[in-house]
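# Fold and geometry: a report
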Amino acid sequence: MPPVSYPTTESDIYFTVFKVPRWRAAIYQFLSVRLWGSLPSTLQRRISAWYSSLYTKSYSKKIIGPYLKVNYRDKNYLQKFKPPDGKKEFANFQDFFTREFKELPQNQSAYVWPCEGLLCDLGSVVDTTISNVKGDKRSIETIFQIGKVPIPEDYYFTNVFLHNKNYHRIHAPVSGTVSRIQHVPGDLVILRPWIYKQNPSLPALRNERYNIDIEDIWGRTWYLSIVGGPAVGTIALPKHMTVGSKVEKLEEIALFYLGSTCCMAAPETPRYHSRNSFVQVGATY
């Protein structure tokens, strides 16, 4: 069934995919993984928290206007959103970054995309290659930290990169029950997919993240991994998000404070999107 969407909730889908040559990507990867990535995780988090704190200052709200002009073609883009936490105005840039929809997208499909961003990696779980990180071979199961029970081979893996300009709240892709919530400590290497031309999922394998599993009404588990990166001060979960909680499709399940990527292993195959295409919250999966 095609997505059912409304103009008041559609996002600006303009997205530039930078096509850097492999040699430059190799340099970027060296700087991210070998230099920045060699710093202790605690130091990475301290630097990131300090950097993200700058966007909570009142003067940072002056950035919002110019940022909108540079990054969005839709002149009325901000009218589709409201400030977070019941605020009446955007008091700083972080308020803009954590903006909320005035009205959630509506879609009759049973499965929807949980986030907005660039679909930089996808494929069947069984065909996804093992990656070598810090000398260790790590599989897709490493991202979701599911233990000894493997993800079914007929599941489909996706990795969505959320650019700074994108909406940064994560929503449930399906109605069901939260069956697991896990915080996984890790690094905060750079997320941008064009840096990792041969393996866009590299940051997801080693970065700090929250893993959230949702069991749908058919008893199938949807695995989500909400991955942090540099300048991510916090990944916040709603207070009601606990193991055993019932969630409805498109209910908010997590929030990023600057920078992120969202991986998912699902029992369904994406029907309308391919690699390097743009996905929107609430669009048919």
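Overview of the structure. The structure displayed is predicted, hence computed values, not measured ones.

## What to know about the sheet that holds strand β10 (residues 221-227)
Judged by pairing direction, the sheet is antiparallel, and its 8 strands sit side by side in the order β12-β8-β9-β10-β14-β6-β3-β15 without closing on themselves. At either end of the open sheet lies a strand with only one pairing partner, and these are β12 (246-247) and β15 (277-279). In terms of strand pairing, strand β9 (residues 209-216) meets β10 through 7 bridges, oriented antiparallel. Opposite I212, over in β10, you have L224 as the bridge partner.

## What to know about helix α3 (residues 64-71)
Buried within α3 we find I64, Y67, L68 and N71. Viewed along the axis of α3, the buried residues span an arc of 100°, placing them on a single side of the element. Of the exposed residues in α3, those oriented more than 90 degrees away from the buried face are K69 and V70. Looking at the buried side of α3, the elements it contacts are α4 (93-97).

## Some words on the environment of S245
Structurally, S245 can be placed in the loop between β11 (235-236) and β12. Apart from residues no more than four positions distant in its own chain, S245 is found in contact with G176, T177, V178 and H240. Within the local environment of S245, its side chain forms a polar contact with the side chain of T242, the two groups lying 2.8 Å apart.

## Regarding the pattern of salt bridges
In this structure the tally under the stated criterion is 10 salt bridges. The partner of D216 in a salt bridge is R220, with the nearest N and O atoms 3.0 Å apart. Residue classification places D216 among the buried positions, given a relative accessible area of 4%. With a relative accessible area of 22%, R220 lands in the partly exposed category. Salt bridges here are not isolated pairs; linked through shared partners, they connect E100, R169 and E252.

Thresholds, definitions, all that
Residues numbered from 1 in each chain as written. Predicted model: local features only at pLDDT ≥ 70, side-chain atom pairs only at ≥ 80, totals over all residues. Heavy atoms only, no water. Pairing = 2+ DSSP bridges. Helix = DSSP H or I, 4+ residues; strand = E, 2+ residues; numbered from the N terminus. Buried < 20%, exposed > 50% of the residue type's maximum accessible area, 1.4 Å probe, protein only. Arc of directions from axis to C-beta. Contact = heavy atoms within 4.5 Å. Polar contact = N/O pair within 3.5 Å; in protein donor to acceptor, adjacent residues only side chain to side chain. Salt bridge = Lys/Arg side-chain N within 4 Å of Asp/Glu carboxyl O.

Interpretation in functional terms is not warranted from these geometric data alone.
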